[in-house]
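Okay, here's what each chain looks like letter by letter:
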Amino acid sequence: MRCRGAREVLIRQRDGILRAMDFTLTPMLADQPLFVALLHDITHHKQSETALQRAALADPLTKIPNRRHFDTFLEKEWQRAVRSSQPLSLIVLDVDHFKGYNDSLGHAAGDACLQQVAMALQSHALRATDIAARYGGEEFVLLFAETGFEAAATLGETIRAHIESLHIPNPGSTTSEWVTASLGVATIVPTQLDDLKSFFVAADRAMYAVKDAGRNGV
């Protein structure tokens, strides 16, 4: 007897719900077309597997996408923009005077602050081709596909104003009584000759130019 092996299948139950099953077909006798079919419900296992995959792509503090997820998403959208000759816009954002915020109010308050900023950013990444992510520390990034520079700059200003309007007090700031952010914007219609890393560096430099100019700007 030779086992034909297991295969994952989806079976719709009477209530209409699809369940994941391991399906195994084994011949009973070599000279007769008789088989034993076994179904093993693996729905819970698949759900747990999916949950773990999602957790690996989310920042544990803010629950929005992490750097790993963003880098993969950026690469995919970059290649799509190369094929379609459509603009791609990137925003790099840094929370102003965040070290002072932590020093004044403590790390628990700092964590809560980052969570509020993350939720504000998430509310502006509404399309399937948009993403807002925590890139590390108090730095966040947003990507907007098929979005030109003027539209991206307008989005950046809307995001900046949204963060300030949260009215999170920042006694350690010399810029404002509230938590604010500095944003750098870069836009490109990429070709095969362009470099994705240079695109990111351009947005990062724009953000630091805002910091040098006094922060809380785009």
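See the structure shown above.
Residues numbered from 1 in each chain as written. Predicted model: local features only at pLDDT ≥ 70, side-chain atom pairs only at ≥ 80, totals over all residues. Heavy atoms only, no water.

(A) Just the packing of helix α2 (residues 67-84) against helix α6 (residues 196-212), in detail. In the contact formed by α2 and α6, the axes pass within 11 Å of each other and the chain directions differ by 115 degrees. The orientation of α2 with respect to α6, classified from their angle, is roughly perpendicular. Along this stretch, α2 crosses α6, giving a crossing that reads as right-handed. Contacts from Phe70, Leu74, Glu75 and Trp78 in α2 reach Leu196, Phe199 and Phe200 in α6. Across the contact of α2 with α6, the residue classes break down as 6 nonpolar, no polar and 1 charged. (Axes fitted to C-alpha atoms, helices over the stretch in contact; angles between N-to-C directions. Helix = DSSP H or I, 4+ residues; strand = E, 2+ residues; numbered from the N terminus. Parallel < 35°, antiparallel > 145°, perpendicular 65-115°, else oblique. Left-handed = near helix turned anticlockwise from the far one by under 90°. Contact = heavy atoms within 4.5 Å. Nonpolar A, V, L, I, M, F, W, Y, C, P; charged D, E, K, R; others polar.)

(B) Looking closely at the packing of aromatic side chains. Taken as a whole, this structure holds 4 aromatic pairs when the rule is applied. An angle of 45 degrees between the planes, with centres 5.7 Å apart, marks the rings of Trp78 and Phe199 as tilted. One end of the pair, Trp78, is in helix α2; the other, Phe199, is in helix α6, and 121 residues separate them in sequence. When sorted by exposure, Trp78 lands in the same class as Phe199, which is buried. With a centroid separation of 6.0 Å and an interplanar angle of 5 degrees, the aromatic rings of Phe98 and Tyr101 are classed as stacked. One end of the pair is Phe98 and the other is Tyr101, both in helix α3 (residues 98-105) and 3 residues apart, which spans about a single turn. Each member of the pair Phe98 and Tyr101 is classed as buried. Three or more aromatic residues link up through ring pairs in this structure, and these residues are Phe70, Tyr135 and Phe200. (Phe/Tyr/Trp six-rings, centres within 6.5 Å; stacked < 30°, edge-to-face > 60°. Buried < 20%, exposed > 50% of the residue type's maximum accessible area, 1.4 Å probe, protein only.)

(C) Examining the packing of α3 against helix α4 (residues 107-122) more closely. Relative to each other, α3 and α4 sit at 135 degrees, their axes nearing to 7 Å. As the angle between them shows, α3 and α4 are arranged oblique. Taking contact as the criterion, the partners of Phe98, Tyr101, Asn102 and Leu105 in α3 are, on α4, His107, Ala109, Gly110, Cys113 and Leu114.

(D) The sheet that holds strand β6 (residues 139-145), seen in detail. Ordered in space as β5-β6-β4-β7, the 4 strands form an open sheet in which the pairing is antiparallel. A strand with exactly one partner marks an edge of an open sheet, and here the two such strands are β5 (130-136) and β7 (181-188). Neighbour-to-neighbour, the strand axes of the sheet open up by a mean angle of 20 degrees, direction not taken into account. Taken strand by strand, α2 contacts β4 (88-95), β5, β6 and β7, and its axis lies near 140 degrees from that of β5. (Pairing = 2+ DSSP bridges.)

(E) Structural view of the side chain of Ser176. Following the sequence through the fold, Ser176 ends up in the loop between α5 (149-165) and β7. Of the residues examined, Ser176 reaches a relative accessible area of 16% and is grouped as buried. For Ser176, the side chain forms a polar contact with the main-chain nitrogen of Trp178, separated by 3.0 Å. In this view, Ser176 contacts Glu164 and Asn170; residues no more than four positions away in its chain are not counted. (Polar contact = N/O pair within 3.5 Å; in protein donor to acceptor, adjacent residues only side chain to side chain.)

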